[in-house]
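The chain contents come next:
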Amino acid sequence: MTFTAVFLTAILMPAAEPTAAQGAAHVSLGMNSCTASACHGGSVTATGRQREWNSSYTVWASKDPHADAYAVLLGDRSQRIVARLVFPEKVDPKTTPKEYQSFLEKRCATCHATIGEGRPSSDGFAEDGVSCASCHGVAGDWLGDKHAGRKSGQMKVTQQLEPRAKVCVVCHVGSPAHNGEPAREVNHDLIAAGHPRLNFEFLAYLNSLPAHWDLEKDRQRVRQPNGVKKGQANFAAEAWLTGQFVAANAALELLEARAKADGGTDKDHAWPEFSEVSCYACHHDLRSQSYRQKLFQREKPENRRSPIGSLVWGTWYSPMPRQALLAQQPAATNDEDSWRQLERAMRAIHPDSKKVLALTAALRPKLVPPANPLQTVERLAKNLSALQGDWDEIAQWYLAATAWHQALREEHLESQKNGDPVKSGEREAALRESQATLEKIRRQLESPLEFDPTGEAFQGAVKLLLQQLAKLEG
Ligand code: HEC
Ligand code: HEC
Ligand code: HEC
Ligand code: HEC
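Not measured: the values here are computed from a predicted model.

Novice: I tried to follow the overall build of the protein chain on my own but got confused; where do I start?
Specialist: Scanning the protein chain from terminus to terminus reveals 21 helices and 0 strands. Taking all 474 residues of the protein chain together, 37% fall into the buried category. Of the contacts made within the protein chain by residues no fewer than 6 positions apart, 67% connect residues no fewer than 24 positions apart.

Novice: What exactly am I supposed to notice about helix 8 (residues 161-172) here?
Specialist: The α-helix winds at 3.6 residues per turn, so residues separated by three or four positions along the chain end up facing the same way. Here helix 8 contains 12 residues, and its C-alpha end-to-end distance of 16 Å stays within 8% of the 16 Å for a straight helix at 1.5 Å per residue. Considered for burial, the residues of helix 8 that qualify are Leu161, Arg164, Ala165, Cys168, Val169, Cys171 and His172. Taken around the axis of helix 8, the buried residues stretch over an arc of 160°, which confines them to a single face. Looking at the buried positions of helix 8, the neighbouring elements they touch are helix 5 (109-112), helix 10 (202-208) and helix 12 (235-260). Once helix 8 ends, the next one or two residues include Gly174, with phi positive near 115°.

Novice: In this structure, what is going on with the nonpolar core? I would like to understand it.
Specialist: Across soluble globular proteins, nonpolar side chains show a tendency to be buried alongside one another. Among the nonpolar cores identified, the biggest contains 80 residues, and Trp240, Ala247, Ala251, Val377, Ala400, Ala403 and Trp404 are the most heavily contacted of them. Of the residues forming this core, the biggest block, 17 residues, is contributed by helix 12. Among all residues touching Ala400, those that are not within four sequence positions of it are Trp240, Met320, Val377, Leu380 and Ala381. Counting residues in each nonpolar core, the second largest holds 5 residues, with Tyr57, Val59, Ala61 and Ala67 among its members.

Novice: What should I look at first to understand the environment of Glu89 in this one?
Specialist: Secondary-structure assignment places Glu89 in the loop between helix 3 (76-86) and helix 4 (97-107). Residues Glu89 and Glu99 lie 10 residues apart in sequence; the distance between their C-alpha atoms is 10.0 Å.

Novice: How should helix 3 be read in this particular structure?
Specialist: Taken as a whole, helix 3 has its buried residues at Ser78, Ile81 and Val82. All buried residues of helix 3 fall inside an arc of 95° around its axis, so they share one side. Close packing links the buried residues of helix 3 with helix 4 and helix 9 (188-193).

Novice: Looking at this structure, I do not really get the packing of helix 12 against helix 17 (residues 353-363). What am I missing?
Specialist: Relative placement of two packed helices is described by the angle separating their axes and the distance separating the axes. Relative to each other, helix 12 and helix 17 sit at 155°, their axes nearing to 9 Å. On the basis of the axis angle, helix 12 is roughly antiparallel to helix 17. For the crossing formed where helix 12 meets helix 17, the hand is left-handed. Each of Leu252, Leu255, Glu256 and Ala259 in helix 12 lies in contact with helix 17, whose residues at this interface are Ser353, Val356, Leu357, Thr360 and Leu363. Grouping the constituent residues of the contact of helix 12 with helix 17 by class yields 6 nonpolar, 2 polar and 1 charged.

Novice: Mind showing me how you'd approach the environment of Ser318 here?
Specialist: Inspection of the secondary structure assignment puts Ser318 in the loop between helix 14 (291-298) and helix 15 (319-328). Of the residues examined, Ser318 has 23 C-beta atoms within 10 Å and is grouped as buried. Between the alpha carbons of Ser318 and Gln244 there is a distance of 8.2 Å; along the sequence they are 74 residues apart. Those residues in contact with Ser318 that lie beyond four places of it in its chain are Ala248 and Trp339.

Novice: I would appreciate a short explanation of the environment of Ser131 in the present structure.
Specialist: By secondary structure assignment, the location of Ser131 is in the loop between helix 5 and helix 6 (132-136). With 28 C-beta atoms packed within 10 Å, Ser131 lands in the buried category.

Novice: Hey, could you run me through unusual backbone geometry in this one?
Specialist: Most peptide bonds adopt trans geometry, and most residues besides glycine take a negative phi value. In this chain, Trp271 is followed by Pro272 through a cis amide linkage whose omega measures -5°. When you line up the elements, Pro272 lands in the loop between helix 12 and helix 13 (279-282).

Criteria and cut-off values
- Residues numbered from 1 in each chain as written.
- Chains lettered and ligands numbered in written order.
- Predicted model: local features only at pLDDT ≥ 70, side-chain atom pairs only at ≥ 80, totals over all residues.
- Helix = DSSP H or I, 4+ residues; strand = E, 2+ residues; numbered from the N terminus.
- Buried ≥ 20, exposed ≤ 12 C-beta atoms within 10 Å, placed from the backbone.
- Contact = placed C-beta atoms within 7 Å.
- Expected span 1.5 Å × (residues − 1).
- Arc of directions from axis to C-beta.
- Core = buried A, V, L, I, M, F, W, Y, C linked by C-beta atoms within 7 Å.
- Axes fitted to C-alpha atoms, helices over the stretch in contact; angles between N-to-C directions.
- Parallel < 35°, antiparallel > 145°, perpendicular 65-115°, else oblique.
- Left-handed = near helix turned anticlockwise from the far one by under 90°.
- Nonpolar A, V, L, I, M, F, W, Y, C, P; charged D, E, K, R; others polar.

Listed below in structure tokens is the structure:
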């Protein structure tokens, strides 16, 4: 496993292809309650848009990556990860099956199976992987009356975007133990042993799940805060912005749990924790005239994030929420101060955990997304120069530009539906061209170690993209 490969699993996979389901291969007792053909185990019909509720299980079992999440733990890659983590104890699935199993349960199955939802993995349901209950809650609690289950809070809310994103981040960002739920984290130990780094971005991940729900209904359901029906157009912008804030909050919660572990005996978390810090602060080639040096020289001293050579914190989850809040209040605000102070505190090799906790406590209540998602994503996508050029930040910018593109495409489709063929061909061409430029940019981001944000190829593609997208506005 090369360093680059560890990164790339997560950067924007192409959207899942809508193909016919191949029948359910993954039947087990744990989901018996959901999988009858009259309930969620029906077959997928070619035309049956209204029947998604009925085929949810079939789609999940045959196409959803979550169905294999537990099986992955028994494969070669996981065996290598475990061997590296517990060396020299040598927990081996063949010679020490019990020890291997209990290690998996403690460190891995918390995210790779449905546990913590009121049941241990040892009851035999673990092999269901990340199943219905992980996202919808334990069926026993609400079976028979889903509406009552929703009202009483036993069934998790997934209809609205904010609670939905909160369901995902528990595993895709990580979370401390609470309410009987176990701690879940992928720290630098796991990453160094070969686990993919978790680079979650809600919209991209949502797009790439094979939907077992009615997408049209889902888009129509998204409403503006004042209750006005917004329709399809802003779904992408709304999901992107919501996901940014929910993920940033989850990352800060995890940072708090790590800071609280400072000097204590907490076995779930460690302090300091390398995975809090930009990977490229430590992992990069040495070259004369590196882009880091160039970027540093270019910045005005007051904008410089940190002295050259120091650690850089928060490059994945904070750049976009931070810019979104700044765009609302352009002058240097208290919000910006909290981010900056936190960044400064996290520069230290052993950051002052008390100070970090005070700063996260000040910052978290301010993490409220602006009320205008479409304008926000547009503004941020247009302002690449506000970022400092770390691969993480540029990848987040790319995801924002992709979200804006998707929002513009949805707007276009909506206006066509409303019988507005004016300039339709022109807009379609502009959408196609900008899509191709986005793909060019994605390819440049494929290798973090070779990526140069100051390079002509990258700068040229960005300029072209912004020109193409400007044509689509209005
Ligand atoms: C905090 C939750 C979490 C924990 C704990 C966790 N994982 Fe994962 N794991 C994930 C997620 C999420 C992915 C998918 C990453 C992605 O593509 O974004 C993943 C992916 C993987 C993959 C790659 C799967 C593939 O299809 O290529 C392997 C292998 C893996 N995990 C093994 C393990 C092992 C072994 C452990 C325990 C030592 C473990 N995981 C602990 C969340 C977790
Ligand atoms: C109980 C933990 C858990 C929850 C909750 C969860 N996931 Fe996952 N997810 C995983 C694990 C583990 C994997 C890796 C599975 C594998 O590779 O087999 C994964 C994989 C994925 C993948 C495939 C990633 C890749 O690299 O191919 C996507 C997309 C995804 N999840 C989206 C979501 C979304 C969207 C939500 C919320 C609606 C969500 N997940 C909720 C644990 C979870
Ligand atoms: C990774 C998280 C995740 C998993 C696992 C998952 N779902 Fe869902 N499910 C969602 C999301 C997100 C939606 C869309 C929002 C909604 O309708 O609540 C959804 C929607 C649904 C719907 C409503 C469909 C419609 O359009 O009317 C049903 C029914 C459903 N899921 C059943 C299941 C069943 C059965 C399983 C297990 C086989 C399952 N889900 C597993 C996330 C998940
Ligand atoms: C504070 C410095 C530091 C940071 C930040 C850091 N690492 Fe590491 N990493 C190390 C050290 C030290 C080693 C051990 C090197 C060795 O064994 O040669 C290591 C080892 C690794 C390894 C295994 C060895 C290899 O080169 O393949 C991987 C993979 C890895 N880190 C990935 C990451 C990722 C991904 C991030 C960001 C989430 C990250 N690291 C952040 C210092 C760091």
